[in-house]
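Structural overview for review
So the chains spell out like this:
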Amino acid sequence: MDFKYDVIVIGAGHAGCEAAAAAANLGSKTCLITMDMNKIGQMSCNPAVGGIAKGQIVREIDALGGYMGLVTDRTAIQFRMLNRSKGPAMWSPRAQCDRGKFIWAWREILENTPNLHIWQDTVEELTVENGEVTGLTTCWGVTFHAKCIVLTAGTFLNGLMHIGHKKLAGGRMAEPASYRLTESITRHGITVGRMKTGTPVRIDGRSVDYSLMETQDGENDFHRFSFMSEPRKLKQLQCWTCFTNEEAHEVLRKGLPDSPLFNGQIQSIGPRYCPSIETKIVTFPDKPQHQLFLEPEGETTQELYLNGFSSSLPMDIQLAALKKIPAFKNLVVYRPGYAIEYDYFDPTQLKHTLESKQIKNLFFAGQVNGTTGYEEAGGQGIIAGINAHINCHGGEPFTLGRDEAYIGVLIDDLVTKGVDEPYRMFTSRAEYRILLRQDDADMRLTERAYSLGLAKQDRYKHLCSKREAVGQIIEFAKNFSIKAALINDVLESLGTARLTHGCKLIDLLNRPQITIGNIAAHIPVFQSMLDKITDRKEEVTEAAEILIKYQGYIDRERLIADKIHRLEAIRIKGKFDYNSLNSLSTEARQKLIKIDPETLAQASRIPGISPSDINVLLVLLGR
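Thresholds applied
Residues numbered from 1 in each chain as written. Predicted model: local features only at pLDDT ≥ 70, side-chain atom pairs only at ≥ 80, totals over all residues. Heavy atoms only, no water. Helix = DSSP H or I, 4+ residues; strand = E, 2+ residues; numbered from the N terminus. Rg over C-alpha atoms; globule rule 2.2 N^0.38 Å. Buried < 20%, exposed > 50% of the residue type's maximum accessible area, 1.4 Å probe, protein only. Contact = heavy atoms within 4.5 Å. Areas by Shrake-Rupley, 256 points an atom, 1.4 Å probe, with all protein chains shown as cover. Lys, Arg positive; Asp, Glu negative; His and termini not counted. Charge placed at Lys NZ, Arg CZ, Asp CG, Glu CD. Pairing = 2+ DSSP bridges. Polar contact = N/O pair within 3.5 Å; in protein donor to acceptor, adjacent residues only side chain to side chain. Salt bridge = Lys/Arg side-chain N within 4 Å of Asp/Glu carboxyl O. Arc of directions from axis to C-beta. Axes fitted to C-alpha atoms, helices over the stretch in contact; angles between N-to-C directions. Parallel < 35°, antiparallel > 145°, perpendicular 65-115°, else oblique. Nonpolar A, V, L, I, M, F, W, Y, C, P; charged D, E, K, R; others polar. Phe/Tyr/Trp six-rings, centres within 6.5 Å; stacked < 30°, edge-to-face > 60°. Lys NZ or Arg CZ within 6 Å of the ring centre and 35° of its normal. Left-handed = near helix turned anticlockwise from the far one by under 90°.

The number of helices and strands found in the protein is 20 helices and 21 strands. Since a compact globule built from 623 residues should have a radius of gyration of about 25 Å, the 26 Å found for the protein is in line with a globular shape. Seen along its three principal axes, the alpha-carbon backbone of the protein occupies a region of about 80 × 75 × 55 Å. Here the protein holds 623 residues, and 58% of them are scored as buried. The long-range fraction of contacts in the protein, counting pairs at least 24 apart against all pairs at least 6 apart in sequence, stands at 73%. Put simply, the protein shows about 25500 Å² of open surface, and 52% of that area lies on carbon and sulfur atoms. Charge separation in the protein, taken as the distance between the mean sites of 73 positive and 74 negative side-chain charges, equals 2 Å.

On to unusual backbone geometry, then. Despite not being glycine, Asn 158 shows a phi value in the positive range, around 55 degrees. Topologically, Asn 158 is positioned in the loop between β9 (143–151) and β10 (160–163). Its identity is not glycine, yet Arg 180 carries a phi of approximately 80 degrees, on the positive side. Structurally, Arg 180 can be placed in the loop between β11 (166–169) and α5 (181–186).

Among the eight residues in helix α3 (residues 68–75), seven count as buried, and that is most of the element. Of all the positions in α3, only Met 68, Gly 69, Leu 70, Val 71, Thr 72, Asp 73 and Thr 75 are classed as buried.

In terms of burial, strand β14 (residues 239–243) is largely enclosed, as four of its five residues are buried. Of the strand pairs in this sheet, strand β13 (residues 214–216) and β14 are connected by three bridges, and their pairing is antiparallel. Bridging from a neighbouring strand, Thr 215 pairs with Trp 240 of β14.

Note: strand β7 (residues 123–129) against strand β8 (residues 132–138), six bridges, orientation antiparallel. Across the sheet, the residue bridging to Thr 127 is Gly 135, located in β8. Between β7 and β8, which pair antiparallel one after the other, the connecting turn spans two residues, and Asn 130 there sits at a positive phi close to 55 degrees.

Looking at the element boundaries, Trp 91 is found in the loop between β4 (76–82) and β5 (92–97). For Trp 91, a relative accessible area of 15% translates into the label buried. The sequence separation of Trp 91 and Asp 439 amounts to 348 residues, and the corresponding C-alpha distance is 8.7 Å. A polar contact of 3.5 Å, which involves the side chain of Trp 91, links it to the backbone oxygen of Gly 87.

This paragraph deals with the pattern of salt bridges. Should the charged atoms of two oppositely charged side chains come close, the side chains can pair. Evaluation of the coordinates by the stated rule reveals 49 salt bridges. Asp 439 is the partner of Arg 437 in a salt bridge, and the nearest nitrogen-oxygen pair spans 2.9 Å. Measuring nitrogen to oxygen at the nearest pair gives 3.4 Å for the salt bridge that ties Asp 535 to Arg 536. Given a relative accessible area of 24%, Asp 535 falls into the partly exposed group. The class for Arg 536 is partly exposed, based on a relative accessible area of 23%. One connected set of salt bridges, linked through shared partners, spans Arg 402, Asp 412, Asp 413, Lys 417, Glu 431, Glu 568 and Arg 605.

Inspection of helix α8 (residues 315–322) places Ile 317, Gln 318, Ala 321 and Leu 322 among the buried residues, and these make up the whole buried set. Projection of α8 onto a plane perpendicular to its axis shows the buried side chains occupying an angular sector of 125 degrees, all on one side. Buried-residue contacts for α8 involve β10, β12 (192–204), α6 (246–255) and β16 (303–310).

Moving on, we get to the sheet that holds strand β3 (residues 48–50). Taken together, the three strands give an open sheet; going across it, the order is β3-β5-β4, and neighbouring strands pair in antiparallel fashion. In this open sheet, the two edge strands, each paired with only one partner strand, are β3 and β4. For this sheet, the mean inter-axis angle between neighbouring strands, taken without regard to orientation, is 15 degrees. Strands in contact with helix α2 (residues 54–63) are β3 and β5; relative to β5, the strand with the most contacts, it is inclined by about 85 degrees.

Two elements in contact, helix α12 (residues 457–479) and helix α16 (residues 524–531), have axes separated by 11 Å at closest approach and are oriented at 170 degrees. Comparing the axis directions of α12 and α16 gives the class roughly antiparallel. Side by side, α12 and α16 meet where Gln 472, Ile 473 and Phe 476 of the first sit next to Val 525, Phe 526, Met 529 and Leu 530 of the second. A class-by-class count of the residues in the contact of α12 with α16 yields six nonpolar, one polar and no charged.

Turning our eyes to something else, we now look at the packing of aromatic side chains. Each aromatic ring pair is summarised here by two numbers: the centre-to-centre distance and the angle between the ring planes. Going through the model one piece at a time under the given rule, you end up with 14 aromatic pairs. Between Phe 3 and Trp 119, the aromatic rings sit 5.3 Å apart at their centres with planes inclined by 85 degrees, giving edge-to-face as the arrangement. Highlighted residues: Phe 3 in the segment before β1 (4–10) and Trp 119 in strand β6 (residues 116–120), separated in sequence by 116 residues. Geometrically, the ring pair formed by Phe 476 and Phe 526 is stacked, given 5.2 Å between the ring centres and 10 degrees between the ring planes. With Phe 476 in helix α12 and Phe 526 in helix α16, this pair connects stretches of sequence that are 50 residues apart. Taken together, Phe 3, Tyr 5, Trp 119 and Phe 144 form an aromatic cluster joined through their ring pairs. Directly above the aromatic system of Tyr 423 lies the positively charged group of Arg 429, at a separation of 4.2 Å from the ring centroid.

Where helix α1 (residues 14–25) contacts helix α4 (residues 99–111), the axes come no closer than 11 Å and their chain directions differ by 20 degrees. With respect to α4, the axis of α1 lies roughly parallel. In this structure, α1 crosses over α4, and the sense of that crossing is left-handed. Every residue of α4 that contacts α1 at His 14, Cys 17, Glu 18 and Ala 21 is listed here: Phe 102, Trp 106 and Leu 110. Here the contact of α1 with α4 is built from residues that sort into five nonpolar, one polar and one charged.

A separate point is the side chain of Thr 113. In this structure, Thr 113 sits in the loop between α4 and β6. When its relative accessible area of 7% is taken as the criterion, Thr 113 is described as buried. If we skip the residues at most four places from it in the chain, Thr 113 touches Ala 24 and Asn 25.

As structure tokens, this is what we get:
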């Protein structure tokens, strides 16, 4: 081994796996360095993928040619489509996975990826020469050389775990922290901060009284995470729900003086949208109960994850509180919940490619950028891996706009606004969420990935086949005429108004009570056309119906996005000495100097930049 690579990826979590696979599949000689090859793709917290907006990100990773969706489908033990009661822009896939099988599915993929090596070791020092990263050294004294490095160290940088007053160094339970690496980065002017996250108790399922809980069943229809997946192969399992109660809350309140979150032991900021149980009872003192979700960790194991009960309280307090809940009266656990503090780097010091502005060819992805969640990490990882390859071999930077992908929203938020708490994606963060639906991620992104060389021929053929079939359905609906006398009884039975005269099929499909599924059987020629679709018929039909019913909203949102694109096209980086622009507010000058935005549109999204500041820049550009 010569230990010389195009791209080295540090850390084999969700960001690292996607980054390494992307760079290698594009043709870069790549090395993935991890502390433990048996923990590749480890799901440190909940063994679940997806959720609101997060599911859309996984679909986008898949559409780009990444692997998170494929691995999730291969190891799923429960699948649900969340938000079905709302419009399709809000539908979000989520799957519970077998934790162990997830790791081995990832490892099987990576070990069989051409151009990709794996090295088990701990990185201690980056080598930087003339402002450019050139390699690294490990704790075993191995020196690597690289054209580009992608850092995806997760929670391991100076990681410190907390259970009550007990503190223990580590990146995860029973895994060591990484030291010295942070310091080798910050000496080059990169800003570091501390964040906190946590995880709940793991329960022995044999000690739970399931009769005192509500079941939460999964779905087993055609929906998947990957556009290329086959039907799920693992046994599909139940989840369960229950609630805390006042007795449990009283035990938790008495333990607050020993809580690291409230006695000053933990100083860093935790995730707002995934609070600990002790934070919940303090923030919502009048709420008599909080919902908990009991979720399986594997297809054949007894280990259960108690979603909603993250905690860093002393172990005896956690157990005493849980035993006040009837279903957990005889509770036995595998380990208590804990909190962990770790280093992250200010993401406003990154370009949209996720390359550092301070150190050339050094990329950051995942929790080291202040995000939380496997999906956000994976989305960053694939973009960093793509651009690391491009930096090695040439080509235009690969970025995604806010109207192209949730991944684009995520990265733009990070590099433009920065973070003051762990960042989590929500549909509400996207101003164009009607354009960013989970059903059309392939339509949005696969062609771009195919041009890049990341999405392969089989994926592109699937896209072309789907696009053609969807187009045929929509064209048929636009042109096929329906006679009132032949359809009125059907319409009445479906709870919608009768026709007074004939109309086009598309007019009927625009009614909320009418779907392709419930009307096609009554229109033989339409049903015959649908029956000719042999490749992913349900997926094609759903995509066509969404486009038919929501085309007006989609067109309106696209028009708004296109207007904003005009500002995206106005490049301002390097054109102004912001310190000298007295016509800007002091805050605007400070923020513009710090962020140094690429375009006028990015400048407009920086907190503290007002519309009048943007107008000033427009006037000066005109001069």
